[in-house]
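Breakdown of the fold
Spelled out, the chains give:
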Amino acid sequence: MSMAATTHPSPLPQRRARSSRPALAGVGKTEPLPVLHALSELREAVDHCRRCTLWRAATQGVPGEGAPHAPLMLVGEQPGDSEDLAGHPFVGPAGAVLDRALADAGIERRAIYVTNAVKHFKYEQRGKRRLHMKPSIAEIAACNGWLREELRLVRPKLVLGLGASAARAVLGRAVTITSMRGKAVPLDETTHAWITIHPSYLLRMPEEARRIEIDRFTDELRAVRQWLRAHGA
């Protein structure tokens, strides 16, 4: 299920941010973003972002969506073809895998916040098909300000990074999933990060191995739920 927006965002404020956003480790300085006063302003802001060139080929920017003060924030890599067309995160095949795993783990999608490290779809055109391309380090860095704004506005207790690109965006450095998976690490005094696989990885696996890994992924989401309960969420 997706959290479709039902209202139009308010106009962007003109005031510039200075030091109100939470820092993500290792992230370099970028041009200041407009200060957002509410998540409802995020859609228009992202759609008008020109901090990298991905907007030129994308249909639209795809901001995060979900509960305004969710204890759990999920961060994927970038919108895919379905998300680019719909304007909402995780509504394609990987989103279906994620929704099923969340439901089996007892986590309601409407109670969490779901977003991506990069807000525009990067792809290669092959005939009528648009094939996913991995965002570059520079593109992840250019979009990181929006993720920091989402963190500031939502203030989750736990950020679940799905895949290597999300891990880089959240932690500010390259890490291997195997070395980080299955444990919470502090980002600051109030927020922890947890790194795991991206659901799209499961779609590329042979059927038998996929079933095993889906079960493992679901068990990991149950562990995330238990961690949140243990920390008062």
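Residues numbered from 1 in each chain as written. Predicted model: local features only at pLDDT ≥ 70, side-chain atom pairs only at ≥ 80, totals over all residues. Heavy atoms only, no water.

1. Focus: the sheet that holds strand S8 (residues 192–196)
On the basis of which strands lie adjacent, the open sheet formed by 6 strands has the order S1-S3-S2-S6-S8-S7 and mixed pairing. Unpaired on one side and paired on the other, strand S1 (65–66) and strand S7 (184–186) mark the two borders of the sheet. In this structure, strand S2 (residues 72–76) lies alongside strand S3 (residues 113–116), joined through 4 bridges in parallel fashion. Paired with Met 73 across the strands is Tyr 113, a residue of S3. Most of the contacts of helix H5 (residues 164–171) go to S8, to which it runs at about 165 degrees, and overall it touches S2, strand S6 (158–162), S7 and S8. Sheet strands in contact with helix H8 (residues 207–230) are S2, S6, S7 and S8, and its direction is about 170 degrees off that of S8. (Pairing = 2+ DSSP bridges. Helix = DSSP H or I, 4+ residues; strand = E, 2+ residues; numbered from the N terminus. Contact = heavy atoms within 4.5 Å. Axes fitted to C-alpha atoms, helices over the stretch in contact; angles between N-to-C directions.)

2. Notes on the nonpolar core
By size, the foremost hydrophobic cluster in this structure holds 55 residues, and its most contacted members are Leu 72, Leu 74, Val 75, Trp 146, Leu 160, Phe 217 and Leu 221. Of the residues forming this core, the biggest block, 7 residues, is contributed by helix H4 (residues 137–154). Not counting residues within four places of it along the chain, the set of residues in contact with Val 75 comprises Thr 115, Asn 116, Ala 117, Leu 147, Val 159, Leu 160, Gly 161, Leu 162, Ala 166 and Val 170. (Core = buried A, V, L, I, M, F, W, Y, C linked by side-chain atoms within 4.5 Å. Buried < 20%, exposed > 50% of the residue type's maximum accessible area, 1.4 Å probe, protein only.)

3. Examining the pairing of S6
Judged by how many residues are buried, S6 sits mostly within the fold: 5 of 5 residues are covered. Every second residue of S6 is oriented toward a common face, with Leu 158, Leu 160 and Leu 162 on one face and Val 159 and Gly 161 on the other, all of them buried. Relative to S6, S2 runs parallel, the two being bridged by 4 bridges. The residue bridging Leu 72 from the neighbouring strand is Leu 158, located in S6.

4. Observations regarding the packing of helix H3 (residues 93–105) against H8
Running from N to C, H3 and H8 cross one another at 55 degrees; their axes reach a closest spacing of 8 Å. As summarised for this structure, H3 and H8 are arranged oblique, according to the angle between their axes. For H3 against H8, the interelement crossing comes out right-handed. In this structure, H3 uses Leu 98, Ala 101, Leu 102, Asp 104 and Ala 105 to contact H8, whose residues at the interface are Phe 217, Thr 218, Leu 221, Arg 222 and Arg 225. For the contact of H3 with H8, a count of residues per class yields 6 nonpolar, 1 polar and 3 charged. (Parallel < 35°, antiparallel > 145°, perpendicular 65-115°, else oblique. Left-handed = near helix turned anticlockwise from the far one by under 90°. Nonpolar A, V, L, I, M, F, W, Y, C, P; charged D, E, K, R; others polar.)

5. Considerations on the environment of Gly 87
Within the fold, Gly 87 resides in the loop between helix H2 (81–86) and H3. Remark: the alpha-carbon pair of Gly 87 and His 120, spanning 33 residues in sequence, is separated by 9.7 Å. Among residues more than four places away in sequence, those in contact with Gly 87 are Arg 43, Gln 60, Val 62, Pro 63 and Glu 65.

6. With respect to the pattern of salt bridges
Enumeration over the complete set of coordinates arrives at 14 salt bridges. Measuring nitrogen to oxygen at the nearest pair gives 3.3 Å for the salt bridge that ties Glu 124 to Arg 126. What makes Arg 126 partly exposed here is its relative accessible area of 48%. A salt bridge links Arg 181 to Glu 220, with the shortest nitrogen-to-oxygen separation between them at 2.8 Å. Here Arg 181 is found in the loop between helix H6 (177–180) and S7, whereas its partner Glu 220 is found in helix H8, with 39 residues between them in sequence. For Arg 181, a relative accessible area of 15% translates into the label buried. Ionic contacts of the salt-bridge type, sharing partners, join the residues Asp 81, Asp 84 and Arg 130 into one network. (Salt bridge = Lys/Arg side-chain N within 4 Å of Asp/Glu carboxyl O.)

7. Some remarks on empty space enclosed by the protein
Under the definition given, this model contains 1 cavity of 30 Å³ or more. In this structure, the largest cavity spans a volume of roughly 60 Å³. Grouping the constituent residues of the lining of the largest cavity by class yields 7 nonpolar, 1 polar and 1 charged. (1 Å grid on protein atoms, 1.4 Å probe; cavity = no way out; pocket = protein on both sides within 12 Å on 5 of 7 lines; lining within 4 Å. Points joined across faces, edges and corners; volume = space filled by probe spheres on them.)

8. Regarding the packing of aromatic side chains
A complete count under the given rule lists 1 aromatic pair for this structure. We note Arg 50 situated over the ring of Trp 55; from NZ or CZ to the ring centre the distance is 3.8 Å. (Phe/Tyr/Trp six-rings, centres within 6.5 Å; stacked < 30°, edge-to-face > 60°. Lys NZ or Arg CZ within 6 Å of the ring centre and 35° of its normal.)

Read these as geometric descriptors, not functional statements.
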